[in-house]
Amino acid sequence: MTRTALLFTLLTLLTAALFVADLAVGSVAVPLGDVWAALTGGACDPAVSDIILKIRLLKAVTALFAGAALAASGLQMQTLFRNPLAGPYVLGVSSGAGLGVALFLLGAPLLGVAGHSFVQSLGIAGAAWLGAALVLGIVMAVSRRIKDIMVILILGMMLGSGIGSVVEILQYLSSEAALKSFVIWTMGSLGDVTGSQLTLLLPVVTAGLVLAVAVIKPLNLLLLGENYARTMGLNIQRTRTLIFLSTVLLAGTVTAFCGPVGFIGLAVPHLARMLFASADHRVLMPGSMLAGASLLLVCDLVAKLLALPINTITALMGIPVVVYVVVRNRNIF
């Protein structure tokens with residue numbers, strides 16, 4: 001067995017183990033035997049079965065797909081913009097999705113759709129997609145004219161800051177109930193995703209992941225620059241559109257239902273590069289998806305044990321990776 005195959009096997013087993021642990025760990029510890037019985041329909045206390053199937057399973061599945069989605073979108077952004085600090089959060093894509101959600105959540109009561117769960121879920125997702133697409137479209141349009149990657153990165157950060165200001169104005173003008181709903185959303189949570197929301201989240205994220213896999217070969221060509229990719233016959237416009245669509249579906253959907261979960265999309269691709277010691281996206285893409293799912297499951301476990309919002313844990317785990325990347329690239333030491 002090659003080193004890469006061994007790493008994939010171990011990472012898959014780790015992800016499965018963390019998934020089971022996420023089902024067993026919580027305010028009420030559940031033995032693994034009861035977890036298995038609840039999942040397979042065996043003899044189990046009805047209360048325990050409800051905890052596993054109606055609460056923890058939804059949360060664990062959300063963590064699995066959200067981690068993979070954020071990691072895949074981050075890897076695509078870093079390759080497309082050829083910048084190790086690019087990602088859905090840094091480039092303002094998550095902020096754009098947040099603006100769309102803010103406009104919908106704070107305006108939903110006025111439109112009379114706040115009480116309809118599926119309509120509200122669809123509205124939140126649609127608003128997040130539009131917001132993420134708007135910001136990513138602006139960044140990509142500027143990137144065609146300005147080749148300096150640092151300028152593009154700064155633009156994304158400024159867009160994120162500007163959007164944050166608009167959101168604060170909306171918060172100031174909104175009602176108390178709408179404001180409370182939005183503030184809770186901004187803290188990031190995997191446990192607030194309902195069954196009806198999950199039926200929307202899973203197929204959309206799956207479609208985004210399929211698109212991410214479909215552009216693996218173009219991403220490898222883009223590693224050597226767009227001019228080289230053109231000489232190899234790559235349709236740059238079509239590739240950008242596919243990456244654009246994939247990122248909007250992945251980052252926009254996760255942000256809509258889980259809140260602005262930061263640092264996973266930025267840090268995990270670097271962890272995958274260090275782990276697999278490869279720049280080949282045929283290895284990095286599935287490796288990043290597995291690593292992202294594992295890391296978010298770990299963050300969820302820690303968040304449950306410490307009773308903290310998921311965003312605080314992802315930041316504490318992601319910041320050291322980002323600092324390491326900056327130090328290594330700038331040769332500070």
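Preceding block: the structure.
These figures come from a predicted structure and were not determined experimentally. Sequence order as written defines residue numbering, which begins from 1 separately in each chain. In keeping with the predicted nature of the model, local features appear solely for residues at pLDDT of at least 70, side-chain atom pairs appear and are counted solely at 80 or more, and the whole-chain, interface and lining totals rest on all residues. The side-chain quantities take in all heavy atoms of the structure and omit both hydrogens and water.

### Considering unusual backbone geometry
Even without being glycine, A277 reaches a positive phi, approximately 50 degrees. Runs of E in the DSSP output that reach at least two residues are strands. Runs of H or I that reach at least four are helices, and both are numbered from the N terminus. Mapped onto the elements of the fold, A277 is located in the loop between α12 (264-276) and α13 (281-306).

### Considerations on the packing of helix α2 (residues 32-40) against helix α3 (residues 46-80)
Contact pair α2 / α3: the axes reach a minimum separation of 9 Å and the direction vectors enclose 75 degrees. As judged from the angle between their axes, α2 and α3 are roughly perpendicular. Of the residues in α3, those touching α2 at D34, V35, A38 and L39 are V48, S49, I52, L53 and L57. Axes here mean lines fitted to C-alpha atoms, for a helix over just the part in contact, with angles spanning 0 to 180 degrees between N-to-C directions. Any angle that falls under 35 degrees is termed roughly parallel, while one over 145 is termed roughly antiparallel, one within 65 to 115 roughly perpendicular, and all others oblique. Here, residues are in contact when the closest pair of their heavy atoms is within 4.5 Å.

### Quick word on the state of the cysteines
Note on disulfides: each one is a pair of cysteine sulfur atoms within 2.5 Å. In total, this model carries zero disulfides according to the counting rule given. With no disulfide partner, C258 has as its closest neighbouring cysteine sulfur the one in C299, 13 Å distant. Among the residues examined, C299 registers a relative accessible area of 0% and is labelled buried. Exposed residues in this analysis have more than 50% of their type's maximum accessible area, buried residues have under 20%, and partly exposed residues fall in between, with area computed by a 1.4 Å probe over protein chains only.

### Remarks on the packing of aromatic side chains
A pair of aromatic rings is counted whenever rings of Phe, Tyr or Trp (Trp by its six-membered ring) have centres within 6.5 Å, and the orientation is called stacked for planes under 30 degrees apart, edge-to-face for over 60 and tilted otherwise. This structure, assessed with the given rule, holds one aromatic pair. Between F8 and F276, the ring centres sit 4.8 Å apart and the planes meet at 35 degrees, which makes this aromatic pair tilted. Taken together, the residues span a long stretch of sequence, with F8 in helix α1 (residues 3-24) and F276 in helix α12 at a distance of 268 residues. Per residue, the accessibility class of F8 equals that of F276, and both read buried.

### What about a nonpolar patch on the surface?
A patch consists of residues exposed above 30% relative accessible area that lack any salt bridge, with like charges linked at up to 9 Å and nonpolar side chains (Val, Leu, Ile, Met, Phe, Trp, Tyr) linked at up to 5 Å. Under the convention used here, a 1.4 Å probe and the Shrake-Rupley method define accessible areas, while residue burial counts only the protein chains that appear. Every case where a carboxyl oxygen of Asp or Glu lies within 4 Å of a side-chain nitrogen of Lys or Arg is listed as a salt bridge. Taken together, the side chains of L223, L224, Y228 and M232 present a nonpolar region at the surface, about 380 Å² in accessible area. Summarising the element assignment, L224 is placed in the loop between α9 (216-222) and α10 (226-231).

### Some details on α2
Residues of α2 that are buried: V35, A37 and A38. The buried side chains of α2 occupy one side of the element, clustering within an arc of 165 degrees when seen end-on. Away from its buried face by more than 90 degrees, α2 exposes L32 and W36. Each element contacted by the buried residues of α2 is listed here: α1 and α3. Of the residues one or two after α2, G41 is the one with positive phi, at around 80 degrees. Here the arc refers to the directions that run from the helix axis out to each C-beta atom.

### So, the nonpolar core
By nonpolar core is meant a set of buried Ala, Val, Leu, Ile, Met, Phe, Trp, Tyr and Cys residues that side-chain atoms within 4.5 Å join together. Among the nonpolar cores identified, the biggest contains 95 residues, and F81, L222, M285 and L296 are the most heavily contacted of them. In terms of residue count, α3 provides more of this core than any other element does, 15 residues in total. Residues contacting L222, with those up to four places away along its chain left out, are T79, L80, R82, A229, L234, I236, T239 and I243.

### What to know about the side chain of T15
You can see T15 is positioned in helix α1. Aside from chain neighbours lying at most four places away, what touches T15 is L64, L290, A293, S294 and L297.

### What about the packing of helix α8 (residues 195-214) against helix α11 (residues 236-258)?
Where α8 contacts α11, the axes come no closer than 8 Å and their chain directions differ by 155 degrees. One element, α8, and the other, α11, form an angle in the roughly antiparallel class. You can see that α8 and α11 cross each other, and the crossing is left-handed. Residues Q197, L200, L201, V204, V205, G208, L209, L211 and A212 of α8 touch α11, and the partners they reach there are L242, L245, S246, L249, L250, T253, V254 and F257. Looking at side-chain class alone, the contact of α8 with α11 contains 13 nonpolar, four polar and no charged residues. What makes a crossing left-handed is the near helix being turned counterclockwise from the far one by less than a right angle; a clockwise turn instead makes it right-handed. We call Asp, Glu, Lys and Arg charged. Ala, Val, Leu, Ile, Met, Phe, Trp, Tyr, Cys and Pro are nonpolar, and the rest, Gly among them, are polar.

### Let's talk about helix α7 (residues 176-186)
Within the span of α7, buried status applies to A178, F182 and W185. Each buried residue of α7 sits inside an arc of 55 degrees when the element is viewed along its axis, so together they form one side. When the buried face of α7 is taken as reference, the exposed residues oriented beyond 90 degrees from it are E176, A177 and K180. Directly beyond the C-terminal end of α7, a positive phi value near 80 degrees is found at G188.

### Quick word on the side chain of T255
Among the structural elements, T255 can be located in helix α11. Judged by relative accessible area, T255 falls into the buried class, the value being 2%. Polar contacts, as used here, are pairs of N or O atoms within 3.5 Å; protein pairs need one atom able to donate a hydrogen and one able to accept it. Residues neighboring in sequence count only if both atoms are side-chain atoms. Looking at T255, its side chain comes within polar contact range of the main-chain oxygen of A251, at 2.7 Å.

### A look at the environment of L130
Note on placement: L130 falls in helix α5 (residues 117-145). Among the residues examined, L130 registers a relative accessible area of 65% and is labelled exposed. Separated by 119 residues in sequence, L130 and L249 place their C-alpha atoms 10.0 Å apart.

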